[in-house]
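Single-letter residue listing:
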Amino acid sequence: MQPSSSTKLLFREILLAGGMIVVLIAALFAHTQSMPPLVVVESSSMIHDSEGEVGSIDAGDLVLVHKSTFDNIVTFAEATDPSNPYYGHESHGMEGDVVIYKKNGEASTPIIHRAILRVVPNEAYPATSTVNPCPTGGNYDSEWSVNGSKGACVHTWNVPGTNVYNQSNISISFDGIDAGFYDCKRFVHAGVESHLVVHEWIPEHSGLLTLGDANKCSADQGPNAVNGSSGLRTLDGALLGPVQESWLVGRAGGEIPWLGAVKLMVSGTGPGLTYVPTSSIFSLLACIGGILVFPMVADAGIRRLFASSPENIQAKQEKAFLVALGVDEEE
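Residues numbered from 1 in each chain as written. Predicted model: local features only at pLDDT ≥ 70, side-chain atom pairs only at ≥ 80, totals over all residues. Heavy atoms only, no water.

What follows is about the overall build of the chain. Per the secondary structure count, the chain includes 5 helices and 14 strands. Compactness check: the chain gives a C-alpha radius of gyration of 29 Å against a globular reference of 20 Å for 331 residues, more than 25% above the reference. If one aligns the C-alpha atoms of the chain with their principal axes, the spans along those axes are about 110 × 50 × 40 Å. Relative to its full complement of 331 residues, the chain shows a buried share of 39%. Put simply, 62% of the contacts in the chain that link residues at least 6 apart link residues at least 24 apart. Counting only carbon and sulfur atoms, one obtains 60% of the accessible surface of the chain, whose full area is about 18600 Å². Each charge class in the chain was averaged separately, 18 positive and 35 negative side chains, and the resulting centres sit 8 Å apart. (Helix = DSSP H or I, 4+ residues; strand = E, 2+ residues; numbered from the N terminus. Rg over C-alpha atoms; globule rule 2.2 N^0.38 Å. Buried < 20%, exposed > 50% of the residue type's maximum accessible area, 1.4 Å probe, protein only. Contact = heavy atoms within 4.5 Å. Areas by Shrake-Rupley, 256 points an atom, 1.4 Å probe, with all protein chains shown as cover. Lys, Arg positive; Asp, Glu negative; His and termini not counted. Charge placed at Lys NZ, Arg CZ, Asp CG, Glu CD.)

Let us look at the sheet that holds strand 9 (residues 149-154). Ordered in space as 7-9-8, the 3 strands form an open sheet in which the pairing is antiparallel. The strands lining the two open edges of the sheet, one partner per strand, are strand 7 (124-126) and strand 8 (139-146). Neighbour-to-neighbour, the strand axes of this sheet turn through a mean angle of 45°, independent of strand direction. Judged from the 3 bridges that link them, strand 7 and strand 9 form a sheet pairing that is antiparallel. (Pairing = 2+ DSSP bridges. Axes fitted to C-alpha atoms, helices over the stretch in contact; angles between N-to-C directions.)

That is the geometry; function is a separate question.
As structure tokens, then:
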């Protein structure tokens, strides 16, 4: 039994739609060099305006994930240092890059937050073993290489973009004088400053200190790094250390606003639409409505345009002339 023409048409349309999706994903991968090339933002930790704002990252947005080497990540400290070659670099409404990373490298939902500063070992020596790697002191860093060999014991640190150099602990005031101004957007209380302050922090290892733009200076690395921070924790309850290269998923590129809310809406896990701004939902509905209505409007417009075209008018005149002469057009 031969398939009907309608079945063939349906099968062709399905193949066409599938092919377009494959081409789109391939094009996104070619652009980002990352798979998956997009992530859906689930929380409001990066929001700049409670009503939503195109240009910053809101819950429900789709964000391109660009593959990036660790050294190419530009931190807030570097982007606000006038002597740094990356001075003025902005991403998603603020200085510095936004990174996507896995908490302590675990297989859970990745975090998308801004890179504030980078801690780099200065005085370090090769680790002797994994059991007692640092017999003469220092923090063990499994990813830092000394003389081409991974595994180092770190005594002192540098922070590019600041005046911290060869220090055993890190203290930086982001007050616009010692480092670029970072506004915590919170009232001063209980000794917690109104601008970001890293105080006598001894990093567990090299990496990035990260922070959500809307988190009022509550750094992901917790109170050991920034006073008053609750920090982020892994599935087993461990507090995050500085983000290492092996945890990095990618660097946040362009955003596609609102469309990720569809995934959050139908997902059986996660926060759903809890953190999605109301304006984003209305914009999404308007976008869907526009997509549905556009073909009908376009079809009517094309028909009117065709009806008023000189060629169509001439064809009608010729047909009327032939009818008046009593001539059949099919003869």
